[in-house]
Structure formats: C-alpha cells, structure tokens
Amino acid sequence: MSKLLILLTFASAFMVLSASAGNVVCYFTSWTIYRPDNGKFTAADVDPNLCTHIYYGFVGLREDGGVQVLDDWELTGLEEMAHLLSLKDQNPNLKIVLSMGGWNEGSAKYSTVAADPARRATMVQSVLEFIDKYSMDGFDLDWEYPCQRGGHDEDKANFVTLLGELKSALNAKGLILTAAVSGGIASCKLSYDIPGVSANLDMINVMAYDFHGAFESWVGHYAPLYPSHLDETDEQKTLNVAAGIQYWLDSGADPSKINLGLGTYGRTFTLANASNPDLYAPTYGGGEAGPYTRQMGVIGYNEVCAYHSDWTRVWDDEQKVPHKISGTQWFGYDDEESLRYKVEFANSKNLAGVMIWSLDTDDFRGLCGGGPYPLLNTINQYLN
Ligand SMILES: *[C@@H]1O[C@H](CO)[C@@H](O)[C@H](O)[C@H]1NC(C)=O
C-alpha cells in the first residue's frame, strides 16, 4: 500500500514537472520561402528542439465557412507541411498546428461566419478535414479582430460561440484550439468577453507587440515591456507588454493558458529631425526596408544584427528594450537582453509560456556570431 502511495506521489510529481515545461509556440509563415539570399526561410531551417509547437500560417476563411488556401504561394507553402511534419522524427513531442487568419485576412468574413450556425458548422467540419488531411495536432484562429475592421458588435458573443464549437470538435479528437489575441487594452475592450474566450481555448497567445509603429507619426517602441516617463496619457501608459498581460489576467483569463507573444523583429521610423530621436519625436513614416523583409517600417532581428551592427544601440532602461539609431533612422526591436526580461516577466506571472512571431527573423543561420537562433535559444534558456 505504502509503495503504491509512493509510486502515485512520484507519478503526480512527475506530471506537474512535465506540465510546467513552458510552451514555446513558434510561427512558421509560408511566404518566407520566397525571401532572397540568406533571408530565405524554409521548413528545413526550423530547429525542432527549440519549439514545443510550430504554427503553419496562414490559411484563410471562405464566406461559406470553408478553409481557403490563400494563394498559389500558399499551395507551394503547403508542400512545406510535409517537411514540418517530418520534424517530429527529431522531436516526437513537437505539435504542428494550422493557423487561420492574420492581419491581411481582415475581420468581415469571420464576422459573417461566426454569426451563422450553418456557416460555423461548415467551418468546424472544414477545419477538421484540413487538419486530418495533413495530420496536424490542432487549430489556431487569428481573427484580427472581432467587432473591428468590418466586424460587428455581435462578434464579441459570436466569437465565444465559435470557439466553443471548434473546441468541442477538436478536443474530441485529441486536438487543441488556440487563438492569437490582442495585447492592446482598448482593442481588447472592443473585441473580447475575456472569461468566455479563456474558457473556450486551450491556449491564449497574447500578441504583446505592435503597440507603436509607422502607422503613427512619432517615435515609439513596438513592444516595450514597461512604460516610459515620457508616456503621458493613461492610454500611452498602457501601451506595453506588462499592462496588456495584466489586463488579460485582471479580466479573468486563466494564466495557465496564456502564452506571452514575443517578436523577433522590430518597427522602424525615419526621424523628422536627426537631432531629436526621443520617444514621441516627430517622424516622416517608416524606416528603410531591410534586404529580406523588404517592407518600409519593419525589420527582422537577422537584418539588424547582420546589416546594422555598427549603428548605435541605445538601451531604454525604463521600457527594457533596445533601439538602434543612425542619422534619421530609428529602429526599435528585441534582442537577447530584452527577451530575457520578457521571459522572466512571463515566469513571474506564472504564464503557460511564450509565443514567437516569427521563426524566420531570428538569426536562424547564425550569421551574427552568436550561433544559430540566438533569440530562440535565449527564450528557451530563461523560460521556466
Ligand atoms: C532638431 O532637434 C534639435 C534637438 O531637439 C533642436 O535643437 C533643433 O531646433 C531641431 N531642428 C528643427 C529644424 O526643428
């Protein structure tokens, strides 16, 4: 009898231990296979031992509720799926998850489908068939955002209903349901019934980034951990990682379901006046495009470290994030130092783990001298 008790105690201690191994949710985005030179990122570049979950992004949604393969490049990208699945040979615990939505998908179709029981049923069926076809382990919904961008007020309740129907169907087959949700408090107030969302998801990936960027006309870091003394209004003081996560917790989200969203990229500006690089200084739009990401206003960490190593790095000790300056160029981003602070913050709040957007902009080739995947390695090193 006592031997059995000891065995049981040992077994439950072991279960607690394995459950506390943090989630490291990594986005693989299909379009990165078209980047030039050392920016090209394919499934063969994924390290299967640095992530617990790999998300394939993105598929879209048809107005009738069916899964939509977004484009020809997406079809090519789906050929990568076989390679992603083969990563399980190297890490049998790895989960591969299908991700639907993203910013470019908008909100209107999701609003239409979520409002209609028949379309919701089509969506659930279509998602299950797609996941079954590619032998994936779960589904992730990135509806950006309910009640916004062409959505309707009813979306807040319909989102929870949709999640509930997806979760029942997925969980019945041993599959998980997750969602990417906003980390901006104003956006959350518009979009979410947080207790309802939390109850109907297996993991909540909070996108704790894009608080500032070239969509504004002044300097701001895209993902500060904490506020700056230069933040003045109540809203400015909440546009940071800590405030966004605290809002989810205070509103009734289950911390053991929350993964803190981290970026391996940055957002950039062209200063209006090179002599004034402070937060809230006026800007003339985004900074120069990088050679791989090729978009004004954003930059990958792999581009910062390879092409701007000689720029002045400034550490903001209030916000716990770095930026780089050269002439009129101001690049806010995350590096090993800031990610360590963010992971330690996630640990301190007893969160389930972290989500990383995205694999392709870490220095995955190790061209900057810190070995391959310096950011992902830092995250794994400090995550409880
Ligand atoms: C540029 O910024 C510096 C420092 O704040 C200031 O002294 C200077 O007057 C500014 N120049 C212009 C043209 O606004």
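- For the protein chain, an unreviewed UniProt entry supplies the name Chitinase and the organism Asbolus verrucosus.
- Looking at the Sequence similarities (unreviewed entry) heading of the UniProt record, one finds this comment for the protein chain: "Belongs to the glycosyl hydrolase 18 family."

With respect to the site of the ligand
And then number 1: Around the ligand lies a shell formed by Asn273, Ser275 and Asn276.
And then number 2: In this structure, Asn273 approaches the ligand through a side-chain N or O atom, which is 2.3 Å from an oxygen atom.

Concerning unusual backbone geometry
And then number 1: The omega torsion of the bond from Gly57 to Phe58 falls at -10°, within 30 degrees of zero and hence cis.
And then number 2: Within the secondary structure, Phe58 is located in strand S2 (residues 53–61).
And then number 3: At Arg294, a position not held by glycine, the phi torsion is positive, near 55°.

Quick notes on helix H12 (residues 374–382)
And then number 1: All of the buried residues along H12 are Pro374, Leu375, Leu376, Thr378 and Ile379.
And then number 2: If you follow the buried residues of H12, they end up packed against strand S1 (23–29), strand S8 (258–263), helix H10 (301–307), helix H11 (336–348) and strand S14 (353–357).

As for helix H5 (residues 155–172)
And then number 1: In a regular helix each residue adds 1.5 Å, so 18 residues correspond to 26 Å; H5 covers 25 Å between its end C-alpha atoms and thus fits that length.
And then number 2: All buried positions along H5 are accounted for by Asp155, Asn158, Phe159, Val160, Leu162, Leu163, Gly164, Leu166, Lys167, Ala169 and Leu170.
And then number 3: The inward-facing, buried residues of H5 abut helix H3 (108–114), helix H4 (117–133), strand S5 (138–142), strand S6 (176–182) and helix H7 (194–199).
And then number 4: Where H5 terminates, the next one or two residues include Gly174, which has phi positive at roughly 75°.

Notes on the packing of aromatic side chains
And then number 1: Taken as a whole and assessed by the stated rule, the structure comprises 22 aromatic pairs.
And then number 2: Judged by centre distance (5.1 Å) and plane angle (70°), the rings of Tyr27 and Tyr55 are edge-to-face. With Tyr27 in strand S1 and Tyr55 in strand S2, the pair connects residues that are 28 residues apart, well separated along the chain.
And then number 3: Residue Tyr27 is classed as buried on the basis of its relative accessible area, which comes to 0%.
And then number 4: Seen in terms of ring centroids, Tyr209 and Tyr265 are 5.9 Å apart; in terms of plane orientation they differ by 75°. Their pairing is edge-to-face. A residue pair is termed long-range when its members are at least 10 positions apart, and Tyr209 in the loop between strand S7 (203–207) and helix H8 (234–238) and Tyr265 in strand S9 (residues 265–270) qualify at 56 residues. With respect to class, Tyr209 is no different from Tyr265; both count as buried.
And then number 5: Taken together through their ring pairs, the aromatic side chains of Tyr27, Trp31, Tyr55, Phe58 and Trp357 make up a single cluster.
And then number 6: The cationic tip of Arg149 hangs over the ring face of Trp103; the distance from NZ or CZ to the ring centre is 3.3 Å.
And then number 7: One cation-aromatic arrangement involves Lys342 over Tyr222; the distance from NZ or CZ to the ring centre is 5.9 Å.

Points about the environment of Ser358
And then number 1: Summarising the element assignment, Ser358 is placed in the loop between S14 and H12.
And then number 2: Along the primary structure Ser358 and Tyr27 are separated by 331 residues, whereas in three dimensions their C-alpha atoms are 4.9 Å apart.
And then number 3: Setting aside anything within four residues of it in sequence, one finds Ser358 in contact with Tyr27 and Thr264.
And then number 4: Within the local environment of Ser358, its side chain forms a polar contact with the side chain of Asp360, the two groups lying 2.8 Å apart.

The rules behind the values
Residues numbered from 1 in each chain as written. Predicted model: local features only at pLDDT ≥ 70, side-chain atom pairs only at ≥ 80, totals over all residues. Heavy atoms only, no water. UniProt positions renumbered as here; feature names shortened; annotations may be inferred. Near = heavy atom within 4 Å. Polar contact = N/O pair within 3.5 Å; in protein donor to acceptor, adjacent residues only side chain to side chain. Helix = DSSP H or I, 4+ residues; strand = E, 2+ residues; numbered from the N terminus. Buried < 20%, exposed > 50% of the residue type's maximum accessible area, 1.4 Å probe, protein only. Contact = heavy atoms within 4.5 Å. Expected span 1.5 Å × (residues − 1). Phe/Tyr/Trp six-rings, centres within 6.5 Å; stacked < 30°, edge-to-face > 60°. Lys NZ or Arg CZ within 6 Å of the ring centre and 35° of its normal.

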